[in-house]
Amino acid sequence: SAQQSAKDQLPRYVRVNTLKTTVEDVVDYLKRDGFCYRGQALKLGDLKLEKKDFVKDLHLPELLAFSYKTDFHDHFLYKAGHIILQDKASCLPAYLLHPPPGSHVIDACAAPGNKTSHLAAVMKNKGNLFAFDLDAKRLATMSTLLLRAGVTCHQLANQDFLKVDPDSPKYKDVEYILLDPSCSGSGMVCLRDSGPVDQEEENARLASLASFQLRCLNHGLKFPRLKRLIYSTCSIHSQENEEVISACLLQNPHFRLVPLLAEWPKRGLEPFSQCLRASTSETLTHGFFVALLEKHREAERAEP
Ligand code: SAM
């Protein structure tokens, strides 16, 4: 089908795990392993690769792109945790939040943990990374993944994020939150086109997801020392993206949107062009949405 061919055109992205290795070492290893390094990608078209060719991504410094046929699941670098198999769009949240080493960070809906491991890499394993998830099974998978990735700065909790107390002394220094809540998944190429849908049922499902997403967002903004919160979904529906952000900004006047990556080609729907969208055709990734909220300086100073 048309959907299948769209999926086939997505490059295979590999994030270098800087907790264990460097981009240069991975490039060297892969060259010796028979891959052909084509240098730094300079335009989107450079990410369309064949056979054993690979490049450095044009937006994200620790990302490599390969032809869609490449499979690393049995590769030494993957098994040793030196590389993480992660779509480019899903690397945006941790990269854009960029908590400095030593900071206190919450990953609100964290399992299976690729973004948690990315946050830990950005933090150089220094600081406190509190990761929550409701699903015990997914958390178990996550433990394995974080162990393999060499993450040590985290605390996992099998807990409903909405019930985490923002005023607990434990979280008094939390300045950064990554919120990647459950969503419809409508941006995932492999989940699309799964037959006819009952429009009424679908609308009800989106409304219920959006109300959950907004509650998570409002809850995140209650942490007293919060500076920045990044919100992401792998949905292409504005109900779960711009509309959630719009409602949140109305309810939280001390927060504003931060303009993201001027060089990124696909923006949030108007008037939310500070946010990013991602799509198969325009960014060669799965469908995705990212918004970065920041507390106003004045609001920060007004704090006791
Ligand atoms: N950030 C993850 C990653 O990059 O690997 C993916 C997160 S996935 C989109 C959403 C997660 O939210 C699911 O694992 C789900 O179990 C969890 N979840 C749903 N409701 C939650 C809640 N109230 N509190 C905490 N986690 C929740």
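Residues numbered from 1 in each chain as written. Predicted model: local features only at pLDDT ≥ 70, side-chain atom pairs only at ≥ 80, totals over all residues.

Here we look at the overall build of the protein chain
Just so we agree on the cut-off: Strands are runs of DSSP state E lasting at least 2 residues, helices are runs of H or I lasting at least 4, and numbering of each runs from the N terminus. Computation of the radius of gyration draws on C-alpha atoms, with the globule rule given as 2.2 Å multiplied by the number of residues to the power 0.38. Exposure criterion: with C-beta atoms placed from backbone coordinates, a residue whose C-beta has 20 or more other C-beta atoms within 10 Å is buried, one with 12 or fewer is exposed, and one in between is partly exposed. Once C-beta atoms have been placed from the backbone, residue pairs whose C-beta atoms lie within 7 Å are recorded as contacts.
Across its full length, the protein chain carries ten helices and 13 strands. Relative to the globule expectation of 19 Å for 304 residues, the C-alpha radius of gyration of the protein chain, 19 Å, shows essentially globular dimensions. By its C-alpha atoms, the protein chain is 60 × 45 × 40 Å across when sized along the principal axes. Counting over 304 residues, the protein chain shows a buried share of 39%. Taking the intrachain contacts of the protein chain between residues at least 6 apart in sequence as the baseline, contacts between residues at least 24 apart amount to 71%.

What about the domain arrangement of the protein chain?
This is how it is decided: What counts as a domain boundary in this text is fixed by an automatic or database domain assignment.
Under the domain assignment, the protein chain is made up of domain 1 (2-85) and domain 2 (90-301). Put simply, the middle of domain 1 and the middle of domain 2, counted by C-alpha atoms, are 25 Å apart. Contact residues are listed per partner, giving 17 residues for domain 1 and 22 residues for domain 2.

Comments concerning the site of the ligand
Just so we agree on the cut-off: Contact assignment follows one rule, namely that a residue is near a molecule or strand if its backbone-placed C-beta atom lies within 6 Å of it. As a working rule, the residues Ala, Val, Leu, Ile, Met, Phe, Trp, Tyr, Cys and Pro are called nonpolar, Asp, Glu, Lys and Arg charged, and the rest polar, with Gly in that last group.
The full set close to the ligand counts 19 residues, and Cys109, Lys115, Asp135, Phe161 and Asp180 are the nearest of them. A per-class count over the shell around the ligand returns nine nonpolar, four polar and six charged.

Re the nonpolar core
As a rule of thumb, soluble globular proteins bury nonpolar side chains together. Stated formally: Each nonpolar core reported here comprises buried Ala, Val, Leu, Ile, Met, Phe, Trp, Tyr and Cys residues connected via C-beta atoms within 7 Å.
Core analysis: the largest hydrophobic core is formed by 78 residues, its most contacted members being Ala65, Ala108, Ile177, Leu179, Ile230 and Val290. Sort the elements by how many residues they give to this core and strand S13 (residues 288-295) lands first, with six residues. Among the domains, domain 1 (2-85) and domain 2 (90-301) are the pair contributing at least three residues each to this core. Once you skip the residues sitting within four places of it in the chain, Leu179 turns out to touch Ala108, Cys109, Cys216, Leu217, Gly220, Leu229, Ile230 and Tyr231.

As for the UniProt feature "active site" (unreviewed entry) in the protein chain
Cut-off, in case you're wondering: UniProt positions are given in the numbering used here, feature names are shortened, and annotations may be inferred rather than shown by experiment.
UniProt records the feature "active site" (unreviewed entry) for Cys234 in the present numbering. Locating Cys234 in the fold gives a position in the loop between strand S10 (228-233) and helix H8 (242-251). Sequence-distant contacts of Cys234, that is, excluding residues within four places in its chain, are made with Cys183, Gly185, Gly187, Met188, His286, Gly287 and Phe288.

Thoughts on the confidence of the model for the protein chain
To be explicit about the condition: On a range of 0 to 100, pLDDT expresses the predictor's confidence in each residue.
Chain-level statistics for the protein chain give a pLDDT mean of 94 and a share of 93% at 70 or above. Per the prediction output, this complex has pTM 0.95; the corresponding ipTM is 0.99.

Side note on the packing of helix H7 (residues 199-220) against H8
Working note: a packed helix pair is described by the angle between its axes plus the distance between those axes. Counted only if it meets this: Structural elements are reduced to axes, namely lines fitted to C-alpha atoms, with helices fitted over the stretch in contact, and the angle between N-to-C directions of any two is expressed from 0 to 180 degrees. Just so you know how the angles are binned, under 35 degrees is roughly parallel, over 145 roughly antiparallel, 65 to 115 roughly perpendicular, and the rest oblique. Each crossing is labelled by how the near helix is turned from the far one, with a counterclockwise turn of less than a right angle marking it left-handed and a clockwise turn marking it right-handed.
Running from N to C, H7 and H8 point in directions that differ by 40°, and their axes come no closer than 10 Å. Taken together, the axes of H7 and H8 are oblique relative to one another. With respect to the hand of their crossing, H7 and H8 are arranged in right-handed fashion. Residues Ala210, Gln213, Leu214, Leu217 and Asn218 of H7 touch H8, and the partners they reach there are Glu243, Val244, Ala247, Cys248 and Gln251. Each residue belonging to the contact of H7 with H8 can be placed in one class, and the counts come to six nonpolar, three polar and one charged.

A look at the environment of Ala136
Its place among the elements puts Ala136 in helix H6 (residues 136-149). When the C-alpha positions of Ala136 and Leu221 are compared, they lie 25 Å apart, and in sequence the two are 85 residues distant.

Here we look at the UniProt feature "binding site: S-adenosyl-L-methionine" (unreviewed entry) in the protein chain
According to UniProt, the positions carrying the feature "binding site: S-adenosyl-L-methionine" (unreviewed entry) are Cys109, Ala110, Ala111, Pro112, Gly113, Asn114, Lys115, Asp133, Asp160 and Asp180. Look past the residues within four positions of Pro112 in its chain and what remains in contact with it is Arg138, Thr141, Met142 and Leu145. Relative to the helices and strands, Asp133 is located in strand S7 (residues 128-133). With sequence-adjacent residues up to four places away left out, Asp133 is seen in contact with Cys109, Ala110, Ala111, Arg138, Leu139 and Asn158.

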